[in-house]
Amino acid sequence: MKAIEVKDITKKYGGLKVLRHLSLSIAPGERRAIIGPNGTGKTTLFNIITGVTKPDSGKIYVFGKNVTRLSPYHRARLGLARTFQRNNLFFNLSLLDNINLALQVNRSQLKAKDFLENWALYHRKNVKVKELSYGEQRQVELLLALVQSPRLMLLDEPTAGVSQGESRVITEMIQRLPREVTVVIIEHDMEVVFNLADRITVLNRGQVLYEGNREEVRTHPTVKDIYLGAAEEEDI
Ligand SMILES: Nc1ncnc2c1ncn2[C@@H]1O[C@H](COP(=O)(O)OP(=O)(O)OP(=O)(O)O)[C@@H](O)[C@H]1O
Ligand SMILES: [Mg+2]
């Protein structure tokens, strides 16, 4: 059984074909990165997997269950959690209040104190989220997804806009997730991708251009040309 199976998904916005007969599958416990140029349909794919956007055609399976017609709420109950490309937090509330709210909404047995201690953010508990650094806010987003005790996490650019140091902290948090949690990450930062991913799917213009392990993606000539670019080639 796969954690996610996306079968022949097509999505158009007006005349724009955003996803074109896209299929992919992700094994339980895998760390999968999805990369590709801006506007290539990565976030749209997450929206379709989580159910906030309906595909024009195609099917989605989560842990073997056909969820194509299920609401985002029902998909979340199967253990599917996500973070967003931009922050999605209660900025005027403290970190502790944000966590407590999320614990309540999810009827979680976890204690906010233990949870924050475990993720090394307890010392910031009374700070309003708007006063946290951007990198800390991204960490909090990750925590709010974790509160749901997910089996499957979809992370949309979790390190976008953060400093290099904070990017490392976030990468380490993701590395610390239990292996039974399947993690799918959309990411532009190739250092993060190569640190985290078992396999990498390269999207281009709404289709899977290539899928392979780190080494295969690193050395694939077309992938290098269209995505990694000459400048990054030296860094990786
Ligand atoms: N609700 C919408 N209505 C109309 N067009 C949309 C909508 N959502 C996305 N698009 C368009 O679909 C295309 C794919 O967008 P998407 O956000 O999925 O790309 P992306 O790969 O996540 O890009 P980025 O790397 O910049 O985040 C873009 O051209 C975008 O403008
Ligand atoms: Mg996006």
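Structure first, text after, so check above.
This text gives an overview of the structure that appears in the document. (Residues numbered from 1 in each chain as written. Chains lettered and ligands numbered in written order. Predicted model: local features only at pLDDT ≥ 70, side-chain atom pairs only at ≥ 80, totals over all residues. Heavy atoms only, no water.)

1. Notes on the pairing of strand 2 (residues 16–26)
Judged from the seven bridges that link them, strand 1 (residues 4–13) and strand 2 form a sheet pairing that is antiparallel. What sits directly across from lysine 12, in strand 2, is lysine 17. With antiparallel pairing between neighbouring strands as the criterion, strand 1 and strand 2 make up a hairpin whose turn holds two residues, including glycine 14 at a positive phi of roughly 60°. (Pairing = 2+ DSSP bridges. Helix = DSSP H or I, 4+ residues; strand = E, 2+ residues; numbered from the N terminus.)

2. A word on the side chain of threonine 182
Here threonine 182 lies in strand 8 (residues 182–186). Overall, threonine 182 belongs to the buried group, its relative accessible area being 0%. Among the polar contacts made by the side chain of threonine 182, one reaches the main-chain amide nitrogen of glycine 29 at a distance of 2.9 Å. When sequence neighbours within four positions are dropped, the list of residues in contact with threonine 182 reads Ala3, Ile26, Ala27, Pro28, Gly29, Glu30, Arg31, Arg151, Leu152 and Met153. (Buried < 20%, exposed > 50% of the residue type's maximum accessible area, 1.4 Å probe, protein only. Polar contact = N/O pair within 3.5 Å; in protein donor to acceptor, adjacent residues only side chain to side chain. Contact = heavy atoms within 4.5 Å.)

3. With respect to the site of ligand 1
Taken together, 14 residues lie around ligand 1, and Gly39, Lys42, Thr43, Thr44 and Gln85 are the ones closest in. Within the contact set of ligand 1, an oxygen atom lies 3.1 Å away from a backbone nitrogen or oxygen of threonine 40. Within the contact set of ligand 1, an oxygen atom lies 2.7 Å away from a side-chain nitrogen or oxygen of lysine 42. Relative to its free-state accessible area of 640 Å², ligand 1 is covered by the protein chains to the extent of 61%. If you list the elements that add at least two residues to the shell around ligand 1, you get strand 2 and helix 1 (42–50). Broken down by element, the shell around ligand 1 gets its largest block of residues, three residues, from helix 1. (Near = heavy atom within 4 Å. Areas by Shrake-Rupley, 256 points an atom, 1.4 Å probe, with all protein chains shown as cover.)

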